[in-house]
Amino acid sequence: MCSIIGYCGKPADMTAFQAGFAKTISRGPDDSRVIDVGQGILGFHRLSIMGLHPEGMQPFGLNGSWVVCNGEIYGFEKLKQALSKDYTFTSESDCEVLLPMYEKYGVGMFAKLDAEFACILYDGKQKKFIAARDPIGIRPLYYGYDGNGTILFASEPKNLVGLVGKVLPFPPGHYYCDGKFVCYCDIAAVDHVLPDDLETVCANIHDKLVAGVKKRLVADAKVGFLLSGGLDSSLVCAIAARESEKPIRTFAIGMSEDAIDLKYAKQVADYIHSDHTEVIISKEDVLAALEPVVALLGTFDITTIRASIGMYLVCKAIHETTDELFGYKYTDFAPSAKAFQEEAQKRIRELHMYDVLRADRCISVNSLEARVPFGDLDFVKYVMAIDPEMKLNKYGKGKYLLRHAFEKGDYLPHDILWREKAAFSDAVGHSMVDYLKEYAETVYTQAEFEEKRAKYTHAQPFTKESLLYREIFEKYYPGQSQMIVDFWMPNKSWEGCNVNDPSARVLANYGDSGK
């Protein structure tokens, strides 16, 4: 994944700065470099994915300017070709295009990138720092101010705790320049609703998702796939298997006693002929992973933590060896197309604090890199612009458009393509969440719960499980709860969604999801 940091002025304490940066060495264990650019400091921990040779090491420099970037820039070959008349490239790294692009386009370059990225750039001519983040926030970036008012940027909040006051997430789709955050792309905004009919919509969904998967197969390092047996991951794996010359490697995880996903993942793996690995976990594995997972995530959110435990453990095993667009189970209860669209926009804008955060931290802490085809910018922009009336569940099955888009072509077995949606934390095994809730019950009496939760005013814990997570969070990120806007929960204002648990298991339409 790589890790970046920028101190946009003279560090108050260089030793503390270096110690903070060292906390994310697992994101980039291949090489590390910190340079003084004259007006501040830039640092980079490298995980080699594109351009594995030493020439691909960052920071990249050009005419007194410098840049560090954690990202993947798709179509960088064409960008290099266009820029090569004015610049001689010395590496195979996709990120080497950034400084030549900046010299040509200035901050206008960010809107031109088809990328998932976070970068910090020092403009040597104007003696100023610029930072930017991709429109969805797939790559992490945080910021804060030291005691002198100097701004710092870093890949994870743990890099900044102790160096700044409040740590805040860098807003996706923005760049920072001259003391201001400027929006260059609001991916959730829709200028006009598409007039496309159902078959046209589904054909475009098919083509754009296939294109999104194909571009993410380009890498100089090995590529593997997390396969849950659910619709989204199964489609990604099926597309990748078709586009790959050799069998792809797939990985699935489940509880030893009641895994739901494993049987479906095995069915998909057999169908697409992947080299498949199952990771089996126990109650002891789940409880032992809890504190490390909260510490690496930097969140107190219930559903993010639940879903992260399985992802963390499967990525740990690998290392040692799209719901926001088409809807969740609870969006079946959307009272209108307008309400559905507003909820989708809210979820897309907040995605970087929940599902994207989970994928980034659980994967990067194990020195791996995530590729997110459902986060492809062209795909997201198109799906957001589809008439929300068409996205409502009027077909008797959630995510109908996505399913129908891949009905032809035998991508997946029929039973998988039309399988009911199950949340990842539930499908790993209902027992995993049950064990976490049972453990929380043993930690606090009811009186202790009421007393301890009362001291939190922002995102106040409302169950013993949520209090347990909050107290672990505060141990590692004291007073930094503002990094997460609130708990991820179904929209309680909708009929059928006024629940006190984020799991789809508590919804009336859960049905066959747990089978």
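Remember, predicted model here, so these are calculated numbers, not experimental data. (Residues numbered from 1 in each chain as written. Predicted model: local features only at pLDDT ≥ 70, side-chain atom pairs only at ≥ 80, totals over all residues. Heavy atoms only, no water.)

## Here's the deal with the overall build of the protein chain
Defined as follows: Helix and strand labels come from DSSP, where a helix needs a run of H or I of at least four residues and a strand needs a run of E of at least two; each type is numbered from the N terminus. For a compact globule the rule gives 2.2 Å times the number of residues to the power 0.38, and the radius of gyration it is set against comes from C-alpha atoms. In this scheme, a residue with accessible area under 20% of its type's maximum is buried, one over 50% is exposed, and one in between is partly exposed, where area comes from a 1.4 Å probe on protein chains only. We get accessible surface area from the Shrake-Rupley algorithm with a probe of 1.4 Å; when it comes to residues, only the shown protein chains can shield them. Working convention for charge: Lys and Arg count positive, Asp and Glu count negative, and His plus the chain ends are omitted. A single reference atom marks each charge: NZ on Lys, CZ on Arg, CG on Asp, CD on Glu.
The number of helices and strands found in the protein chain is 20 helices and 15 strands. Relative to a compact globule of 515 residues, whose C-alpha radius of gyration would be 24 Å, the protein chain shows 23 Å and is just as compact. Counting only C-alpha atoms and orienting by the principal axes, one finds that the protein chain spans roughly 60 × 60 × 45 Å. Taken across its 515 residues, the protein chain has 61% of its residues classed as buried. Accessible surface computed for the protein chain: about 20,500 Å², of which carbon and sulfur atoms make up 50%. Positive and negative charge centroids in the protein chain, built from 58 and 71 side chains respectively, lie 2 Å apart.

## So, the nonpolar core
Short version of the rule: Buried Ala, Val, Leu, Ile, Met, Phe, Trp, Tyr and Cys residues form a nonpolar core when they are joined through side-chain atoms within 4.5 Å. Contacts between residues were defined by any pair of non-hydrogen atoms, one from each residue, lying within 4.5 Å.
Ranked by internal contacts, the top residues of the largest apolar core, which has 74 residues, are Ile281, Leu290 and Ile309. Excluding anything up to four places from it in sequence, Ile309 contacts Val286, Ala289, Leu290, Val293, Met432 and Leu436.

## Some points on the packing of aromatic side chains
Selection rule: Pairing of aromatic side chains here covers Phe, Tyr and the six-membered ring of Trp, requires ring centres within 6.5 Å, and sorts the geometry by plane angle: under 30 degrees stacked, over 60 edge-to-face, intermediate tilted. Here, over-ring charges are defined by two tests on the NZ atom of lysine or the CZ atom of arginine: distance to the ring centre within 6 Å, and angle to the ring normal within 35 degrees.
This model, assessed by the stated rule, comprises 20 aromatic pairs. Residues Tyr87 and Phe89 carry aromatic rings whose centres are separated by 4.6 Å and whose planes lie at 80° to one another, so their mutual orientation is edge-to-face. Phe89 matches Tyr87 in its accessibility class, with the two residues each being buried. The interplanar angle of 75° and the centroid separation of 5.4 Å between the aromatic rings of Phe300 and Phe487 together place this pair among those described as edge-to-face. Sitting above the plane of the Phe300 ring, Arg470 keeps its charged end 4.9 Å from the centroid. If you follow Lys492 out to its NZ or CZ, it ends over the ring of Phe462, 5.9 Å from the centre.

## Observations concerning the pattern of salt bridges
The condition that has to hold: A pair is scored as a salt bridge if a Lys or Arg side-chain nitrogen falls within 4 Å of a carboxyl oxygen belonging to Asp or Glu.
Going through the model one piece at a time under the given rule, you end up with 29 salt bridges. Salt-bridge contacts for Arg306 lead to Asp501; the nearest nitrogen and oxygen are separated by 2.8 Å. Take Arg306 and Asp501: they sit in the same class, and that class is buried. One salt bridge in this structure joins Glu474 and Arg470, with 3.0 Å as the shortest N-O distance. Of this pair, Glu474 and Arg470 are both found in helix α20 (residues 464-476), four residues apart, which corresponds to roughly one turn of the helix.

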